[in-house]
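One-letter residues, chain by chain:
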Amino acid sequence: MGNDETPGEQDRRLAARLAALRAERGWPLDELARRSGISRSTLSRLERAELSPTAVQLGRLCTAYGRTASRLLAEVEAGPPGLLRAAEQPRWHDPETGFARRSVSPPHPGLRAELVEGTLPPGARIGYRAPSVPGLEQHLWVLEGELELELDGAAHRLAAGDCLRYRLHGASGFHCPGPGPVRYLIALVLP
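A.B. asks: Would you explain the environment of G8 in this entry?
C.D. replies: Residue position: G8 is located in helix α1 (residues 7-25). Since its relative accessible area comes to 28%, G8 is described here as partly exposed. Sequence spacing of G8 and S52 is 44 residues, and the spatial spacing of their C-alpha atoms is 9.2 Å.

See the structure below:
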């Protein structure tokens, strides 16, 4: 989000976009709850900006709507400029795990790739049941620290400088074993 926006403004804009996506599909809350695995009451509170979504909830909503998280977060922006200064890059923080996400290159409707920076504090774990877009190609490059990544049951331990390229088809999980945080860059390429 823009650097002059408060977290409350960010949450309200995201909540409004989530409500609009559901309305565009004509889904009642029960249908979105079935598709996302998030309770009807939690979805209602997310759409009213009474709660900020966790990384897992955001991932489930993106899966239900067939969007990457970067695209969803960029959709709440007024319009991505051609040049996005570091201070203006949309940021999002998971209040549950401490995961921090920064959209380095916001998505553009005509382009298929985007860059996202992630930071996980020591001991943090995030798991996703399914990719938001099946077959999504990712290039994960660890910038600092260590990351344990699980893809469809296969474990990968990555250290600073390591890069893993893969396509997402099933469950995935991220874990920072410590002792310090892990910071990584993911290049997302739509199929």
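A.B. asks: Just checking my understanding: could you explain the pairing of strand β6 (residues 146-151) for this structure?
C.D. replies: Within a regular strand, side chains alternate between the sheet's two faces. Side-chain alternation along β6 places L147, L149 and L151 on a buried face and E146, E148 and E150 on a face that remains uncovered. With six bridges joining them, β6 and strand β7 (residues 154-159) adopt antiparallel strand pairing. Counted as the bridge partner of E146 is A159 from β7. In this structure, the hairpin formed by β6 and β7 is closed by a connection of two residues, where D152 is found at a positive phi of approximately 50°. Inspection of the sheet shows β6 paired to strand β9 (residues 172-175) by four bridges, in the antiparallel sense. In the sheet register, E148 faces β9, and the bridge partner there is H175.

A.B. asks: Is there a simple way to think about helix α2 (residues 29-36) in this case?
C.D. replies: Think of an α-helix as turning once every 3.6 residues; residues three or four places apart then point the same way. Among all positions of α2, only L29, E31, L32, A33 and S36 are buried. Looking one or two residues beyond α2, the residue adopting positive phi is G37, at roughly 75°.

A.B. asks: Explanation requested: the confidence of the model for the protein in the structure shown.
C.D. replies: Residues shown with low pLDDT carry predicted positions that ought not to be read at fine detail. Per-residue confidence for the protein gives a mean pLDDT of 87, with 90% of residues at or over 70. The low-confidence segment residues 1-7 (pLDDT under 50) makes 14 contacts with residues lying over four places distant or belonging to another chain.

A.B. asks: Help me understand the sheet that holds β6 in this model?
C.D. replies: Where strands meet in a sheet, backbone hydrogen bonds hold them as pairs that are either parallel or antiparallel. Strand order in the open sheet formed by four strands is β4-β9-β6-β7, with antiparallel pairing between adjacent strands. Each of the sheet's edge strands pairs with one partner strand only, and the pair in question is β4 (125-128) and β7. Pairwise comparison of adjacent strand axes, ignoring direction, gives a mean angle of 15° for this sheet.

A.B. asks: Just checking my understanding: could you explain the sheet that holds strand β8 (residues 163-168) for this structure?
C.D. replies: The antiparallel open sheet is built from six strands, whose spatial order is β1-β2-β3-β10-β5-β8. Each edge of the open sheet carries a strand with a single partner, namely β1 (91-93) and β8. Averaged over all neighbouring strand pairs, the angle between strand axes comes to 20°, with direction disregarded. Pairing of strand β2 (residues 100-105) with strand β3 (residues 113-120), which is carried by five bridges, proceeds in the antiparallel orientation.

A.B. asks: Just to check I follow, could you spell out the side chain of H175 for this structure?
C.D. replies: Here H175 is to be found in strand β9. A relative accessible area of 11% places H175 in the buried class. In this structure H175 touches L120, G123, A124, R125, E146, L147 and E148, once residues within four positions along its chain are discounted.

A.B. asks: I would appreciate a short explanation of the packing of α2 against helix α4 (residues 55-65) in the present structure.
C.D. replies: How two helices sit against one another is set out by the angle between their axes and by the gap between those axes. Close contact between α2 and α4 brings their axes to 9 Å; oriented N to C, the two are set at 105°. With respect to α4, the element α2 is oriented roughly perpendicular. Together, L32, R35 and S36 of α2 and R60, L61, A64 and Y65 of α4 make up the contact between the two elements. Looking at the contact of α2 with α4 residue by residue, the class counts come to four nonpolar, one polar and two charged.

A.B. asks: Looking at this structure, I do not really get unusual backbone geometry. What am I missing?
C.D. replies: If a residue is not glycine, its phi is most likely negative; likewise, a peptide bond is most likely trans. Cis geometry is found at the peptide bond from G178 to P179, where omega equals 10°. Inspection of the secondary structure puts P179 in the loop between β9 and β10 (182-189). The phi dihedral of D152 is positive, around 50°, even though this residue is not glycine.

A.B. asks: What is the right way to look at the side chain of S132 in this model?
C.D. replies: Position of S132 among the secondary structure elements: in the loop between β4 and β5 (136-144). Accessibility expressed as a relative area gives 14% for S132, which makes it buried. Among the polar contacts listed, one links the side chain of S132 to the backbone oxygen of R67, at a separation of 3.1 Å. Excluding its chain neighbours within four sequence positions, the residues that come into contact with S132 are C62, T63, G66, R67 and T68.

Criteria and cut-off values
- Residues numbered from 1 in each chain as written.
- Predicted model: local features only at pLDDT ≥ 70, side-chain atom pairs only at ≥ 80, totals over all residues.
- Heavy atoms only, no water.
- Helix = DSSP H or I, 4+ residues; strand = E, 2+ residues; numbered from the N terminus.
- Buried < 20%, exposed > 50% of the residue type's maximum accessible area, 1.4 Å probe, protein only.
- Pairing = 2+ DSSP bridges.
- pLDDT = per-residue confidence, 0-100.
- Contact = heavy atoms within 4.5 Å.
- Axes fitted to C-alpha atoms, helices over the stretch in contact; angles between N-to-C directions.
- Parallel < 35°, antiparallel > 145°, perpendicular 65-115°, else oblique.
- Nonpolar A, V, L, I, M, F, W, Y, C, P; charged D, E, K, R; others polar.
- Polar contact = N/O pair within 3.5 Å; in protein donor to acceptor, adjacent residues only side chain to side chain.

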